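Residue-level structural notes
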2 protein chains.
Amino acid sequence: MNEVLSVIKNRTSLRKYDKKEIREEHLNEVLESAMRAPTAGNMMFYSILVIKDKDKKEILSKTCDNQPFIASAPVVLIFLADLQRQYDYYEASGVEEYCRKNNMDYTAPGKGDFLLGCSDALIAAQNAVITAEALSIGSCYIGDVMENYEKHREILNLPDYTFPICMLALGYYEEDAKKIIKPRFDKKYIVFDEEYKRLNREEFKEMYRENEKFVVKGNKFNADNFGQLIYGRKSGSNFMKEMNRSVEAALKFWDTHKIEN
Amino acid sequence: MNEVLSVIKNRTSLRKYDKKEIREEHLNEVLESAMRAPTAGNMMFYSILVIKDKDKKEILSKTCDNQPFIASAPVVLIFLADLQRQYDYYEASGVEEYCRKNNMDYTAPGKGDFLLGCSDALIAAQNAVITAEALSIGSCYIGDVMENYEKHREILNLPDYTFPICMLALGYYEEDAKKIIKPRFDKKYIVFDEEYKRLNREEFKEMYRENEKFVVKGNKFNADNFGQLIYGRKSGSNFMKEMNRSVEAALKFWDTHKIEN
């Protein structure tokens, strides 16, 4: 099998890392690959923060839904949607005056810009993940970095037009690491021809048949089926409430619709 | 060089495709790789639409900022952030009643869920891109699929809790295709240690030195420098206004905060 496909198909989230540091040339390869990712208009609407500081990793392990393994990762990468650099550049280029002279609106970045920035950042992150994997460096995405926006703003020195859309914990596989490749849902429930298709009860029953087996009587979520269990554990959880609140707060900073000097 | 790194480093956006159809086994590999991507809680908050219909591709080539090459791609993939399937499943699992019995809020997906869906979709898309490239299938991201939300909703049959976060045009490289690998900004402007760093005028001058050379006197944007040029061509353009409008409209549908039956 093609090596690229093999790496992609055998990649799994790693949460337990070998203690050794990541070699600088390996980290550099990971970052260079990230930066080769396609990006909107070649503008690179993202930045990457490399976190090695022990105290900062400790804080992040708490602010990102209390996951101690984060602090044990030799390197943590935070991918920011970043329109701040672009708008600071516009400021340095006299764009406001240019707009006035040419009778154009000088508009602050909107929600479309925000999502372009998130897109650039995530596409770059996945290049980093695949490259890391090819170098025997395991990784785990932590979407929980979207929580506690105000706190992350403070400890990461984030200006208004940046947003931490994802974080990666990185570290080498331990020598005796065992990979467990988790199954995905069947393609027929995820991939549709020409237009979206909503699923019916029979299809859901079939789709979740395997998951349903893991629901035990008297589970701590008091759930009768997997749908209830996953709602209790994920969508209805406190961390999800916090993520939803935090993203709204971040969008408000984004929405100030003024240009900072 | 490791084959994975080689594919990533030599990948570039392809906008001119060989006329031959994409082989079904190749398309299948691309989709299977996409589905191996990491996803929040293994819930796969995304769906993929496979567009081959000529008329639909024609429409998309117009609604996505008038880019005729889109219609010439043998296959177009649209990646949706998708919480609709999850909430339809909750509906089928009696989660509302479960919440009532257990004194929990039954909440509609929020903006955090929205961004988790976008994240899952984009990470999967980049797996598709890299796998395609390894199979000699070129690709181009089209973020413009975020524009004209109402129209895309209609032609793609999208319910409220889905959003088309990115599109890929796919096709084999032509035999005489020449790859031009575009430079990226220097790492020191994109990657920061421990916290975010805003750049100053001197740094911007250095960062954009190469781009500045392409600004010719009397350019159609009436720009004196590259910052003004890129604002006129991108951030201040009509397509960006439309993208910002469209995303706001999509978020309003998302924000209805009711559960559809």
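In case you missed it, the structure is sitting above this.
This report concerns the structure included in the present document. Every chain is numbered independently, its residues counted from 1 as its sequence is written. By the order in which they are written, chains take letters starting at A while ligands take numbers starting at 1. Local features are withheld for residues below a pLDDT of 70 in this predicted model, meaning they are given only at 70 or higher, and side-chain atom pairs are given and counted only at 80 or more; totals for whole chains, interfaces and linings count all residues. Only heavy atoms go into the side-chain values, all of them from the structure, while hydrogens and water stay out.

Bringing the environment of B:F69 into the picture now. All names here are of chain B. In this description a helix means any DSSP run of H or I spanning at least four residues, a strand means any run of E spanning at least two, and both kinds are numbered starting from the N terminus. Within the secondary structure, F69 sits in helix α4 (residues 69-72). Relative accessibility thresholds used throughout: buried, under 20% of the residue-type maximum; exposed, over 50%; partly exposed, between the two (1.4 Å probe, protein chains only). Judged by its relative accessible area of 13%, F69 is buried. Spatially, the C-alpha atoms of F69 and D55 are 14 Å apart, while their sequence positions differ by 14 residues. Here a residue-residue contact requires only that any non-hydrogen atoms of the pair lie within 4.5 Å. When neighbours within four sequence positions are excluded, F69 is seen to be in contact with R15, Y17, C140, I142 and A169.

Within a pair of aromatic rings, the relevant descriptors are the distance that separates the centres and the angle that separates the planes. Residue and element names in this part refer to chain B. Under the pairing criterion, centres of Phe, Tyr and Trp rings, with the six-membered ring standing for Trp, must be within 6.5 Å; the plane angle then separates stacked pairs below 30 degrees from edge-to-face pairs above 60, leaving the rest tilted. For the structure shown, the criterion picks out 32 aromatic pairs over all chains. Taken together, a centroid distance of 6.3 Å and an interplanar angle of 45 degrees make the contact between Y87 and Y161 tilted. Of this pair, Y87 sits in helix α5 (residues 84-92) while Y161 sits in the loop between α8 (149-156) and β4 (162-172), and the two are 74 residues apart along the sequence. When its relative accessible area of 3% is taken as the criterion, Y87 is described as buried. Judged by relative accessible area, which is 1%, Y161 ranks as buried. Between Y208 and F226, the aromatic rings sit 5.8 Å apart at their centres with planes inclined by 35 degrees, giving tilted as the arrangement. Of this pair, Y208 sits in the loop between α9 (201-207) and α10 (209-212) while F226 sits in helix α11 (residues 226-235), placing them 18 residues apart in sequence. In terms of burial, Y208 and F226 fall into one category: buried. Remark: a charge is flagged as sitting over a ring if the NZ atom of Lys or the CZ atom of Arg is within 6 Å of the ring centre and within 35 degrees of the ring normal. Positioned over the ring face of F253 is R153, at 3.8 Å from the centre of the ring.

A few words now on helix α12 (residues 238-254) of chain B. An α-helical turn contains 3.6 residues, so any two residues separated by three or four positions project in the same direction. By this rule the span expected of a helix is its residue count minus one, scaled by 1.5 Å. In a regular helix each residue adds 1.5 Å, so 17 residues correspond to 24 Å; α12(B) covers 24 Å between its end C-alpha atoms and thus fits that length. Those residues of α12(B) not exposed but buried are B:F239, B:M240, B:E242, B:M243, B:N244, B:S246, B:V247, B:A249, B:A250, B:L251 and B:W254. On its buried face, α12(B) is in contact with α7 (111-134) of chain A together with α7 (111-134), α8, β4 and α11 of chain B.

Structurally, A:R36 is set in the loop between α2 (24-35) and β1 (46-51). Charge counting follows a simple rule: Lys and Arg are positive, Asp and Glu are negative, and His as well as the terminal groups are ignored. The term salt bridge refers to a side-chain nitrogen of Lys or Arg lying within 4 Å of a carboxyl oxygen of Asp or Glu. Of the side chains bearing the opposite charge, A:E32 lies closest to the buried A:R36, which forms no salt bridge; the N-O distance is 7.6 Å. A:R36 has contacts with A:N127, B:I8, B:K9, B:R11, B:I181, B:K182, B:P183 and B:R184, leaving out every residue within four places of it along the chain.

Bringing the relation of the copies chain A and chain B into the picture now. A least-squares fit on C-alpha atoms brings the copies together, and the residues used are those whose pLDDT is at least 70 in both copies. In screw terms, the move from chain A to chain B is a rotation of 180 degrees and a rise of 0.0 Å along the axis, fitting with an RMSD of 0.0 Å. Overall, the copies show the geometry of a two-fold rotation axis. Residue A:V4 of chain A places its C-alpha closer to the rotation axis than any other residue of that unit, at 2.6 Å. An overlap of 100% is found between the interface residues of chain A and their copies at the interface of chain B, pointing to a shared contact surface.

Two strands form a pair only when DSSP identifies at least two bridges running between them. Taken in spatial order, the five strands of this open sheet run β5(A)-β1(B)-β2(B)-β4(B)-β3(B), and their pairing is mixed. Across the chains shown, the open sheet's two edge strands, defined by having one partner strand only, are β5 (191-193) of chain A together with β3 (137-142) of chain B. For this sheet, the mean angle separating the axes of adjacent strands, direction not counted, is 25 degrees. For β5(A) and strand β1 (residues 46-51) of chain B, the ladder comprises three bridges, and the chain directions are parallel. Looking across to β1(B), one finds that A:V191 is bridged to B:I48. The strands that helix α2 (residues 24-35) of chain B touches are β5 of chain A together with β1, β2 (75-82), β3 and β4 of chain B; relative to β1(B), the one it contacts most, it runs at about 165 degrees. All axes are obtained by fitting lines to C-alpha atoms, using only the stretch in contact for helices, and the reported angles, taken between N-to-C directions, cover 0 to 180 degrees.

Next up on the list: the packing of α2(B) against α7(B). Residues and elements named next belong to chain B. Their axes nearest at 7 Å, the elements α2 and α7 cross at an angle of 145 degrees. Crossing angle aside, the handedness with which α2 passes α7 is right-handed. Residues E29, V30, S33 and A34 of α2 form the contact with α7, whose own contacting residues are A124, N127, A128, T131 and A132. Of the residues belonging to the contact of α2 with α7, the class tally is five nonpolar, three polar and one charged. Note on convention: the crossing is left-handed when the near helix lies turned anticlockwise from the far helix by less than a right angle, right-handed when the turn is clockwise. Under this grouping Gly is polar, as are all residues other than the nonpolar Ala, Val, Leu, Ile, Met, Phe, Trp, Tyr, Cys and Pro and the charged Asp, Glu, Lys and Arg.

Looking now at the pattern of salt bridges. This structure, assessed with the given rule, holds 37 salt bridges over all chains. Where B:R153 meets B:D160, a salt bridge forms, and the shortest distance between an N and an O atom there is 2.8 Å. Accessibility classification places B:R153 together with B:D160 in one group, the buried group. Each of A:K111, A:D255 and B:E248 takes part in salt bridges that share partners, so that together they form one network.

As far as function goes, none of this settles anything; it's purely spatial.
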